[in-house]
Amino acid sequence: MSIGIKPLGARVVIKKMEAEEKTEAGLLLSGSAKEKPQQAEVLAVGPGTKDEPMELKVGDIVVFSRYGGSELKYHGVEYTIINQKDILATIEK
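Let me sum up the structure you'll find in this document. Since the model is a prediction, treat every value here as computed from it, not as a measurement.

A few words on the overall build of the protein. Per the secondary structure count, the protein includes 0 helices and 6 strands. Ordered by position from N to C terminus, the α and β elements of the protein give β-β-β-β-β-β. Counting the 93 residues in the protein, one finds 29% classified as buried. If you take every contact in the protein between residues at least 6 apart in sequence, the share linking residues at least 24 apart comes to 63%. Accessible area of the protein: about 6,700 Å², with a carbon and sulfur share of 50%.

What follows covers the sheet that holds strand 1 (residues 11–16). One open sheet holds the 6 strands; their spatial order is 4-5-1-2-3-6, and the pairing between them is antiparallel. The open sheet is flanked by strand 4 (70–74) and strand 6 (87–91), the only strands paired with a single partner. Strand after strand, the sheet turns through a mean of 40° between neighbouring axes, direction not considered. As defined by bridge partners, strand 2 (residues 39–45) adjoins strand 3 (residues 61–64) across 3 bridges and the pair is classed as antiparallel. Across the sheet, residue E41 finds its bridge partner in strand 3, namely I61.

As a further point, take the pairing of strand 1. Within a regular strand, the side chains alternate between the two sheet faces. The sheet contact formed by strand 1 and strand 5 (residues 77–83) spans 4 bridges and is antiparallel. Bridge pairing in strand 5 places R11 opposite N83.

Moving on to unusual backbone geometry. Its identity is not glycine, yet H75 carries a phi of approximately 55°, on the positive side. Along the polypeptide, H75 turns up in the loop between strand 4 and strand 5. Under the relative-accessibility criterion, H75 is labelled exposed at 70%.

Turning our eyes to something else, we now look at the nonpolar core. Counting residues in hydrophobic clusters, the biggest one holds 10 residues: V12, I14, A40, V42, M54, L56, V62, F64, I82 and I87. Elements with a minimum of two residues in this core: strand 1, strand 2 and strand 3. Every residue in contact with V62, bar those within four places of it in the chain, is listed here: I14, Q38, Q39, A40, V42, L56, I87, A89 and T90.

Turning our eyes to something else, we now look at the pattern of salt bridges. This model, assessed by the stated rule, comprises 2 salt bridges. The shortest N-O distance in the salt bridge between D60 and K57 comes to 2.9 Å.

Further remarks concern the pairing of strand 2. In this sheet, strand 2 lies alongside strand 1 in antiparallel orientation, the contact comprising 5 bridges. Note on strand 2: the bridge partner recorded for V12 is V45.

Locating R66 in the fold gives a position in the loop between strand 3 and strand 4. Given the relative accessible area of 31%, R66 is considered partly exposed. For the pair R66 and I87, spaced 21 residues apart in the sequence, the C-alpha separation amounts to 9.8 Å.

The rules behind the values
Residues numbered from 1 in each chain as written. Predicted model: local features only at pLDDT ≥ 70, side-chain atom pairs only at ≥ 80, totals over all residues. Heavy atoms only, no water. Helix = DSSP H or I, 4+ residues; strand = E, 2+ residues; numbered from the N terminus. Buried < 20%, exposed > 50% of the residue type's maximum accessible area, 1.4 Å probe, protein only. Contact = heavy atoms within 4.5 Å. Areas by Shrake-Rupley, 256 points an atom, 1.4 Å probe, with all protein chains shown as cover. Pairing = 2+ DSSP bridges. Axes fitted to C-alpha atoms, helices over the stretch in contact; angles between N-to-C directions. Core = buried A, V, L, I, M, F, W, Y, C linked by side-chain atoms within 4.5 Å. Salt bridge = Lys/Arg side-chain N within 4 Å of Asp/Glu carboxyl O.

Geometric values such as these leave the question of function open.
Here it is in structure tokens:
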């Protein structure tokens, strides 16, 4: 599935996952009380570079640096383009 955005170099396109709306105790959170999401799904990957080969693949769930990347709205959907080095970890499904 192509989203129409092709990242260059060692960059990836991610879509942030929604923050939880309930606490573990079952309390509903208001919009301002939700944590900024730091998990995302990888939707597109660049080819990597000679110095930084691409380690991620489409479909990976990742944890990323809170302030990393550039946000982009494309066809009404919000994406983030981020350098692979700002991805902190992958989450196993």
